[in-house]
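# Analysis of the macromolecular model
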Amino acid sequence: MKIILLGYMGSGKSTVGKKLAELLNFKFMDLDAYIEERESLSIPDIFESKGEIYFRKKEHAYLKEVLAASERVVLATGGGTPCYGNNLATMLETSKNVFYLRVSLNGLLARLKTEKEQRPLIKDVPDSELLEFMGKHLFERSFFYNQASKVISCDAKTPEAIAAEIRALLV
C-alpha cells in the first residue's frame, strides 16, 4: 500500500506523513528530501544551478522510482509536484490513497508567515503581499490538488487527528 500526501507548502504533508507512517508502521519518505539526497544539492540550489525544467524532469523520475520501489510507504510530495508533467496521473495510477491536505488560506498564512526564510517560494514576498500571492498560487494549484482520491480539511486539527482520519479512510 502506498499513501501519497499532497497539498500546498505548510499544509502539514511531512508532519502528518511522519505521524501516519508511525501509526501504520510504514516507511515515511519526503520526495523533496529524496531528490536533495540523490542530487547532492538542496532544492533551491538545483533551481538556481540547473533550472526548473531540469528539476521537474528529475522530480518525475524520482517520483516514479520511489513509487516503484516502496510497498508500504507514506510519501509526502512537494507542493508543486502534482502540478507538473504526468506526476498527478502517476500518483493516481499507483495508489488509491492520494490525499490532499487542504488548509484554508488564512490557516496557511498563519503557519507560513513565521517560516518565510525557510520557504524559497515566499522568502522575498513582502508581508503586505503574502496573502494575495499565496491566494493566487493556491488557486492555480487547486485544480490539481482537488483531483486527489480524498480531500482532508486540516484547519484546527492536530497532526495526530489528521493521521487518524486518513487511517480510517484507507482502501
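Here we summarise the structure given alongside this text.

## Here we look at the side chain of Thr-90
With respect to the helices and strands, Thr-90 occurs in helix H5 (residues 87–94). Among the polar contacts made by the side chain of Thr-90, one reaches the main-chain carbonyl oxygen of Asn-86 at a distance of 2.9 Å. Sequence-distant contacts of Thr-90, defined by excluding residues within four places in its chain, comprise His-60, Leu-63, Lys-64 and Leu-67.

## Topic: the packing of helix H1 (residues 13–24) against helix H8 (residues 159–169)
Two numbers describe how H1 lies on H8: the axes approach to 8 Å, and their chain directions differ by 55°. Put simply, H1 runs oblique to H8. Seen along the crossing, H1 lies across H8 with a hand that is right-handed. Contacts from Thr-15, Val-16, Lys-19, Leu-20, Leu-23 and Leu-24 of H1 reach H8 at Pro-159, Glu-160, Ile-162, Ala-163, Ala-164, Ile-166 and Arg-167. Grouping the amino acids of the contact of H1 with H8 by side-chain chemistry returns nine nonpolar, one polar and three charged.

## A look at the nonpolar core
One finds Ile-3, Leu-5, Leu-6, Tyr-8, Leu-101 and Ile-166 to be the most contacted residues of the largest nonpolar core, which totals 47 residues. When residues of this core are assigned to their parent elements, the largest contribution, five residues, is made by helix H4 (residues 52–69).

## Observations concerning the environment of Asp-124
Mapped onto the fold, Asp-124 is located in the loop between helix H6 (105–112) and helix H7 (127–145). Between the C-alpha atom of Asp-124 and that of Leu-101, which follows or precedes it by 23 residues, the distance is 25 Å.

## Overview of the pairing of strand S4 (residues 97–102)
The element S4 is largely enclosed, with a buried count of five among its six residues. Where strand S1 (residues 2–6) lies against S4, four bridges are found, and the strand directions are parallel. Paired with Leu-5 across the two strands is Phe-99, which belongs to S4. Note: S4 against strand S5 (residues 150–153), four bridges, orientation parallel. Bridge pairing links Arg-102 to Ser-153 in S5.

## Points about the sheet that holds S5
Taken together, five strands build an open sheet; the order of strands is S2-S3-S1-S4-S5 and the sheet is parallel. Pairing within the sheet leaves two strands with one partner each, and these edge strands are strand S2 (27–30) and S5. For this sheet, the mean angle separating the axes of adjacent strands, direction not counted, is 20°.

## Re unusual backbone geometry
Positive phi, close to 60°, is recorded for Asn-25, a residue that is not glycine. One non-glycine residue, Ser-40, lies in the positive phi region at around 55°. Tracing the sequence through the fold places Ser-40 in the loop between helix H2 (31–39) and helix H3 (43–50).

Scoring rules and cut-offs
- Residues numbered from 1 in each chain as written.
- Predicted model: local features only at pLDDT ≥ 70, side-chain atom pairs only at ≥ 80, totals over all residues.
- Heavy atoms only, no water.
- Helix = DSSP H or I, 4+ residues; strand = E, 2+ residues; numbered from the N terminus.
- Polar contact = N/O pair within 3.5 Å; in protein donor to acceptor, adjacent residues only side chain to side chain.
- Contact = heavy atoms within 4.5 Å.
- Axes fitted to C-alpha atoms, helices over the stretch in contact; angles between N-to-C directions.
- Parallel < 35°, antiparallel > 145°, perpendicular 65-115°, else oblique.
- Left-handed = near helix turned anticlockwise from the far one by under 90°.
- Nonpolar A, V, L, I, M, F, W, Y, C, P; charged D, E, K, R; others polar.
- Core = buried A, V, L, I, M, F, W, Y, C linked by side-chain atoms within 4.5 Å.
- Buried < 20%, exposed > 50% of the residue type's maximum accessible area, 1.4 Å probe, protein only.
- Pairing = 2+ DSSP bridges.

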